[in-house]
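Read off the chains here:
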Amino acid sequence: MDRILQEYFDLGVMFDPDNFDKVIDGFWFTIRLSIVAGITSLLFGLLLAVLRQTPGKWGGLVRGPTIAYIDVFRGVPQLLTILIVSLSLAALASPNLETGEDGVLPRWLGIPEWFGLPAPFWYGVIAITLTYGAYFAEVYRAGIEAVPEGQTEAARSLGMSYAQCMRQVIIPQAVRKVIPPLLNDFIALMKDTTLVSVIGLIEVVQAGRDIQNLEFNSSALMLGAILFILVTIPLARQVDVLIAREQRKTRRGGSGGGDAPSEPPPTTGMAGA
Amino acid sequence: MEQATSSNGGFLRLEDVHKRFGPLEVLKGVNLDVAQGEVICILGPSGSGKSTLLRCVNLLEPPEAGRILLEGKEITGAGNREGLDFVRRRVGMVFQQFNLFPHKSVLENVTMAQRTVLDRSEKEAAERGRELLERVGLSDKLDEYPDRLSGGQQQRVAISRALAMDPEVMLFDEVTSALDPELVKGVLDVMRELAGSGMTMLVVTHEIGFAREAANRVVFMDDGVVVEEGSPDQVIDSPREQRTKQFLGLVLEH
């Protein structure tokens, strides 16, 4: 029993200053990667969702490729995207070994070290954005389609153009509707950032593995798991709160938006449910 | 010259308008001439095509055949973008389900399109918005969100929102049908006042009382065509057509 406890929760290993700092540093990378990739994925996903809705006959020229993109990147494992992005960009930016010709990509793009962060970090951001942009696009789409047709009709009857209607009427309502599922996907994104360890980023998982290799003990990995849980569980609870709030609103027949009225809903018998 | 044209001036003219949804032909050739300042109430059983007719006028549903002219300018026709802009700038519409923007306050609902479509300054748009909302008795609700308002209040906001664009024609699509009975009067009062101010109005309604007192002309539609039209007295009190009599019999019984 002691042996088991020691394997997972050896406080000496966990809180050894060197180990602890390494895990925390790694987790700090995980957090930064999650936030940066989260923001770029949200923006890219919204762009994809809007392109996917392009109206009209000629809009098909935009819709088709967008749908194809979303299908492809939802179907490829994140790990593969990370490997392909990092290895190919690095290769394209390097000189040809046989002929000595310069790489086709400029170095700043092929081996990006923007804002003083290492290239694997940015490969991770790019690869995660490519994949999660596709996921988020589908979430946004559900939100856009959930906005009643009457909203578009009202906006158009007021003389607003398609673009004005999208920007001012449809997108703001759609985004509000899908905040809970977006947060859910963000939790998944956060966990997927650990895959970037395969290309040498010392994030929390890699830090834990390094320590495990030295100490033959899993406690540093467990510390990483605990750190994850400290962040993801509150996020998951927040999702529940938002969903419950949305359901209360819908049950009351409200059309969403604005703050929930302070008076209790007129429906009865739901309080104990 | 036709009598209709000379007496009406053809401010808004529908010529043989057809509309179909798949196999269902909803409008089977509708002709209508509307003079400036005229208030026309369109009555008819559900499914008669009266709402579709209204939606054709501002091209929410583009007709398949026939023409619609506004101020002598044709707005229909495939690819007629100019006509589309022309009509949307001049024709306001109010819907049965209000369709207020739920993420915007009452005042923002009324100012949004003024700012984006008419390029009015924030101050100018807000001024116009306040003035209109005061006219419909909602000056104390400017900062509320639509889901805090009653249906009647929401509908009055929707009317203000359309009027803020300074339209020449207003379309009302069964605007009191979704309201609780006690809220209907407030909305009809606003419409009566608007009719009195000389606004050109096309009103699809089941409110026979409103049609009788506010309309210059009543149009009875059934099965995608205009069956009968004339003054309210004539169409409502002494209809010529059997179908009109039947419908009014059912409506007036209650």
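Analysis parameters
Residues numbered from 1 in each chain as written. Chains lettered and ligands numbered in written order. Predicted model: local features only at pLDDT ≥ 70, side-chain atom pairs only at ≥ 80, totals over all residues. Heavy atoms only, no water. Disulfide = S-S within 2.5 Å. Buried < 20%, exposed > 50% of the residue type's maximum accessible area, 1.4 Å probe, protein only. 1 Å grid on protein atoms, 1.4 Å probe; cavity = no way out; pocket = protein on both sides within 12 Å on 5 of 7 lines; lining within 4 Å. Points joined across faces, edges and corners; volume = space filled by probe spheres on them. Helix = DSSP H or I, 4+ residues; strand = E, 2+ residues; numbered from the N terminus. Nonpolar A, V, L, I, M, F, W, Y, C, P; charged D, E, K, R; others polar. Contact = heavy atoms within 4.5 Å. Buried area = accessible area lost by both parts, 1.4 Å probe. Salt bridge = Lys/Arg side-chain N within 4 Å of Asp/Glu carboxyl O. Pairing = 2+ DSSP bridges.

J.: Where do I start with the state of the cysteines in this structure?
T.: Residue and element names in this part refer to chain B. For the coordinates displayed, the defined rule picks out 0 disulfides over all chains. Of all cysteine sulfurs, the one in C56 lies closest to C41, which takes part in no disulfide; the gap is 19 Å. Taking the relative accessible area as the measure of exposure, C41 reaches 0% and is therefore buried.

J.: Would you mind going over the layout of surface pockets with me for this structure?
T.: A water-sized probe, rolled over the atoms, reveals where empty space remains. Computed from the structure, the largest pocket encloses a volume of approximately 730 Å³. Forming the walls of the largest pocket are 27 residues, and the residues nearest its centre are A:R156, B:L59, B:P62, B:L84 and B:R88. Contributions of two or more residues to the lining of the largest pocket are made by helix 8 (149-157) and helix 9 (162-177) of chain A together with strand 4 (65-70) and helix 3 (81-90) of chain B. In terms of residue count, helix 3 of chain B provides more of the lining of the largest pocket than any other element does, 5 residues in total. Partitioned by chemical class, the residues of the lining of the largest pocket number 10 nonpolar, 9 polar and 8 charged.

J.: It is not clear to me how the interface of chain B and chain A should be interpreted in this structure. Could you clarify?
T.: In this complex, chain B contributes 23 residues to the contact, which on the side of chain A involves 23 residues. If you sort the residues of chain B by the area they bury against chain A, B:P102, B:H103 and B:D147 come out on top, with a joint share of 28%. The interface formed by chain B and chain A contains 1 salt bridge. For the salt bridge of B:R55 with A:E153, the shortest nitrogen-to-oxygen distance reads 2.6 Å.

J.: So what exactly am I meant to see when it comes to the pairing of strand 3 (residues 39-43) of chain B here?
T.: Strand residues, when the strand is regular, have side chains that alternate between the two faces of the sheet. Residues and elements named next belong to chain B. Burial of strand 3 is extensive: 5 of the 5 residues sit out of reach of the surface. In strand 3, alternate side chains face the same way, and those of V39, C41 and L43 on one face and I40 and I42 on the other are all buried. Taken together, the 4 bridges between strand 3 and strand 8 (residues 200-204) define a ladder with parallel strand orientation. Within strand 8, the residue paired with I40 across the bridge is L202. Taken together, the 4 bridges between strand 3 and strand 9 (residues 217-222) define a ladder with parallel strand orientation. When the sheet's bridge partners are listed, L43 is paired in strand 9 with F220.

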